[in-house]
2 protein chains.
Amino acid sequence: MKNSAKKRGFDDACGMAHGLELLGDRWALFVVRELMLGPRRFGDLRADLPGISANVLAQRLTELEANGIVVRGKLPPPASVPVYGLSEWGYEAEPIVQELGRWAARSPRHDPTLPISGVSILLSFRTMIDRKAIGDLVLAVGFRFGEDEYLGHLGADGFSVGRGAADAGDIVFVGTPSVLAGFVYGGAPLAELAESGALHLMGDPALAARFAALFVLPPKFVPPPR
Amino acid sequence: MKNSAKKRGFDDACGMAHGLELLGDRWALFVVRELMLGPRRFGDLRADLPGISANVLAQRLTELEANGIVVRGKLPPPASVPVYGLSEWGYEAEPIVQELGRWAARSPRHDPTLPISGVSILLSFRTMIDRKAIGDLVLAVGFRFGEDEYLGHLGADGFSVGRGAADAGDIVFVGTPSVLAGFVYGGAPLAELAESGALHLMGDPALAARFAALFVLPPKFVPPPR
DNA sequence: CGGCATCCGGGAAGATACTG
DNA sequence: CAGTATCTTCCCGGATGCCG
């Protein structure tokens, strides 16, 4: 009888309180974030969640599944490996992740030099895109982070992205999520990144620059003097 | 040296991760929620946060202040009592609370019969209002929960609310937040509530009914069969 | 009385080792 | 690779007490 579901509740009918009971445990929202672009395997989650231990990840997955947020599945043969995905309702948690990220980006203490996962940076594009700046630009953008490939579509209604063949993009970024973040958000010059081999671009550099210019971080909050 | 901020961080540049470092501690987001409609006193926070202990509340307030989210103030004489409010940036956290609440309202496990605070129910109105249903209705709505009075304004652009004299409303609800929730979200008949004394209405009952009809909870998520 | 220390017990998270 | 078992660490919550 390890559990008995004694979770300390909040005894509060407020939706926020219930949301925190479902997603407020340490690492829970990270797991949801990593699944936001499609199902993944246990080991992949662990690799992109540096710091989480196997038992905590297993427990979070179990709890999230019990609450109908995560769905345990199995790839068809011959793979036959277990995977974890989000339920339809689980996918609807994306605005939570977005608002949390958008708000925290204004924090004076935010350190953007820390490592970042591929899913994180791609989700941040969905959050931070400046729709008014898109104009009539339509573009397929591929991303290759090691073994993981994603394909995004830029259109008048924003930026969408999912697992897919990166080669299908009009432009393709190959590198690490951190370096890509440095290019898009940090304004690192593409030429230097390409020369050092940190970030490889396939396609028109001018298009890549136009793409990067669509994403801007909100201004930091400056506490007024006391 | 109690220990120099050894908080276990996430080492993740994702904005969401930083947001959780700022607001992810137990009770932290509750404190922010309770301050969302204006500054309050230590004891008031404690009273509306059943279950929190004084030392934890003090610690959260200290941390939130150190991070620029909460601002410690003092009412002018002759009151001269200390109060806690939100910084401008702190107020910007409302979408986080809203999205969390909106999402959790679809949870199959959500129990709306639990107690609820005055701030919670009023914030939920801001979240859950159906803008398309407002039409040309313009209305000032007062709320009196014991000693606490709030005044809300309904207009084409939604519902806004703040601390204020409830009497100034075209209609005024007097009662507990829970009973008001039962009327607005649970469809409890106003006549019975008034008769039992649980909820007192000043003003036109038809207006109150029109007001209540503007707020609808999202449909529950029904997990598909395995 | 409001605000914040201190001590303690319980339980969740972290690290590591181990098994199928 | 996908988890489970076990031990340790530390946060949370309650009680108590000091101090303004």
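These figures come from a predicted structure and were not determined experimentally.

**Notes on the interface of chain B and chain A**
Then step 1. Across the contact, 53 residues belong to chain B and 53 residues belong to chain A.
Then step 2. Approximately 5,000 Å² of surface area, both sides summed, lies buried where chain B meets chain A, with 69% of it carried by carbon and sulfur atoms.
Then step 3. The largest per-residue losses of area from chain B upon contact with chain A belong to M16, W89 and W103 of chain B, which jointly make up 17% of the total buried on that side.
Then step 4. The interface formed by chain B and chain A includes 4 salt bridges.
Then step 5. The residue R33 of chain A makes a salt bridge to D12 of chain B at a minimum N-O spacing of 3.1 Å.

**Overview of the domain arrangement of chain A**
Residue and element names in this part refer to chain A.
Then step 1. Taken domain by domain, chain A holds domain 1 (2-92) and domain 2 (100-212).
Then step 2. Relative to domain 2, the C-alpha centre of domain 1 lies at a distance of 26 Å.
Then step 3. Each partner contributes to the interface: domain 1 provides 9 residues, whereas domain 2 provides 11 residues.
Then step 4. Of the roughly 840 Å² buried at the junction of domain 1 and domain 2 (both faces included), carbon and sulfur atoms supply 59%.

**Observations concerning the sheet that holds strand β3 (residues 139-145) of chain A**
Remark on secondary structure: sheet strands pair via backbone hydrogen bonds, oriented parallel or antiparallel.
Residue and element names in this part refer to chain A.
Then step 1. Read across the sheet, 5 strands follow the order β5-β4-β3-β6-β7 without closing on themselves; strand pairing throughout is mixed. A strand with exactly one partner marks an edge of an open sheet, and here the two such strands are β5 (158-163) and β7 (199-202). Going from strand to strand, the sheet's axes swing by 20° on average, the running direction of each strand aside.
Then step 2. In the sheet, strand β4 (residues 148-155) pairs with β5 via 6 bridges, with the strands oriented antiparallel. Its bridge partner lying in β5, G152 is registered against V161.
Then step 3. On top of the sheet, helix α7 (residues 118-128) reaches β3, β4 and β5; it is set at about 155° to β5, its chief contact.

**Some details on the confidence of the model for chain A**
Then step 1. Put simply, chain A has an average pLDDT of 92, and 96% of its residues get 70 or more.
Then step 2. Confidence over residues 1-6 of chain A falls short of pLDDT 50; this stretch has 0 contacts with residues more than four positions distant or in other chains.

**A short note on the nonpolar core**
Then step 1. By size, the foremost hydrophobic cluster in this structure holds 132 residues, and its most contacted members are F143, F173 and F211 of chain A together with F143, F173 and F211 of chain B.
Then step 2. Setting aside chain neighbours within four positions, we find F211 of chain B in contact with F125, L139, V141, F143, L154, F159, I171 and F173 of chain B.

**A look at the pattern of salt bridges**
Residue and element names in this part refer to chain A.
Then step 1. Within the structure shown, the criterion is met by 26 salt bridges over all chains.
Then step 2. A salt bridge links R33 to E34; the shortest N-O distance between them is 2.9 Å.
Then step 3. Taking the relative accessible area as the measure of exposure, R33 reaches 1% and is therefore buried.
Then step 4. For E34, a relative accessible area of 0% puts it in the buried group.
Then step 5. With its nearest N and O atoms 3.0 Å apart, the salt bridge here joins D48 to R40.

**Looking at the relation of the copies chain B and chain A**
Then step 1. Mapping chain B onto chain A calls for a screw motion: a turn of 180° about the axis and a shift of 0.0 Å along it, with 0.1 Å RMSD after fitting. Taken together, the rotation angle and the small translation identify this as a two-fold axis. Scanning chain B for the C-alpha nearest the rotation axis identifies I96 of chain B, at a separation of 3.1 Å.
Then step 2. Most of the interface of chain B is mirrored in chain A, where 100% of its interface residues again form contacts.

**Section: the protein's contact with DNA strand C**
Then step 1. As a structural note, the neighbourhood of DNA strand C is formed by 19 residues, with R26, N55 and R60 of chain A together with F42 and R72 of chain B the closest of them.
Then step 2. Restricting attention to atoms of DNA strand C within 4 Å of the protein, one finds that 74% of them are sugar or phosphate atoms.
Then step 3. The separation between a phosphate oxygen of DNA strand C and a polar side-chain atom of R26 of chain A is 2.4 Å.
Then step 4. The separation between a phosphate oxygen of DNA strand C and a polar side-chain atom of W27 of chain A is 2.9 Å.

**Thoughts on the packing of α7 of chain A against helix α9 (residues 177-184) of chain A**
Residue and element names in this part refer to chain A.
Then step 1. Contact pair α7 / α9: the axes reach a minimum separation of 9 Å and the direction vectors enclose 25°. Taken together, α7 and α9 sit at an angle that is classed as roughly parallel. Viewed along their axes, α7 and α9 form a crossing whose handedness is left-handed. Residues G118, I121 and F125 of α7 form the contact with α9, whose own contacting residues are P177, L180, A181 and V184.
Then step 2. Of the residues contributing to the contact of α7 with α9, the split by class is 6 nonpolar, 1 polar and no charged.

**A few points about the pairing of strand β7 (residues 199-202) of chain B**
Residue and element names in this part refer to chain B.
Then step 1. The alternating pattern of β7 places L199 and L201 on a buried face and H200 and M202 on a face that is not buried.
Then step 2. Where strand β6 (residues 171-175) and β7 come together, 4 bridges link them in antiparallel fashion. Looking at β7, one finds that V172 is bridged to M202.

**Quick notes on the side chain of S87 of chain A**
Then step 1. Secondary-structure assignment places S87 of chain A in the loop between β2 (82-86) and α5 (88-91).
Then step 2. Non-local contacts of S87 of chain A, meaning those with residues more than four positions away in its chain, are made with G68, I69 and V71 of chain A together with F221 of chain B.

**A closer look at the protein's contact with DNA strand D**
Then step 1. Close contacts around DNA strand D come from 19 residues, with R41 and Y84 of chain A together with R26, N55 and R60 of chain B the closest.
Then step 2. Sugar and phosphate atoms represent 76% of those atoms of DNA strand D found within 4 Å of the protein.
Then step 3. The separation between a phosphate oxygen of DNA strand D and a polar side-chain atom of W27 of chain B is 3.0 Å.
Then step 4. Within the backbone of G51 of chain B, a nitrogen or oxygen atom sits 3.3 Å from a phosphate oxygen of DNA strand D.
Then step 5. Mapped by element, the contributors of at least two residues to the surface near DNA strand D are α3 (42-48) and α4 (54-66) of chain A together with α4 (54-66) of chain B.
Then step 6. Its residues placed into classes, the surface near DNA strand D shows 6 nonpolar, 5 polar and 8 charged.

Conventions and cut-offs
- Residues numbered from 1 in each chain as written.
- Chains lettered and ligands numbered in written order.
- Predicted model: local features only at pLDDT ≥ 70, side-chain atom pairs only at ≥ 80, totals over all residues.
- Heavy atoms only, no water.
- Contact = heavy atoms within 4.5 Å.
- Buried area = accessible area lost by both parts, 1.4 Å probe.
- Salt bridge = Lys/Arg side-chain N within 4 Å of Asp/Glu carboxyl O.
- Domains from an automatic or database assignment.
- Pairing = 2+ DSSP bridges.
- Helix = DSSP H or I, 4+ residues; strand = E, 2+ residues; numbered from the N terminus.
- Axes fitted to C-alpha atoms, helices over the stretch in contact; angles between N-to-C directions.
- pLDDT = per-residue confidence, 0-100.
- Core = buried A, V, L, I, M, F, W, Y, C linked by side-chain atoms within 4.5 Å.
- Buried < 20%, exposed > 50% of the residue type's maximum accessible area, 1.4 Å probe, protein only.
- Least-squares fit on C-alpha atoms with pLDDT ≥ 70 in both.
- Near = heavy atom within 4 Å.
- Polar contact = N/O pair within 3.5 Å; in protein donor to acceptor, adjacent residues only side chain to side chain.
- Parallel < 35°, antiparallel > 145°, perpendicular 65-115°, else oblique.
- Left-handed = near helix turned anticlockwise from the far one by under 90°.
- Nonpolar A, V, L, I, M, F, W, Y, C, P; charged D, E, K, R; others polar.

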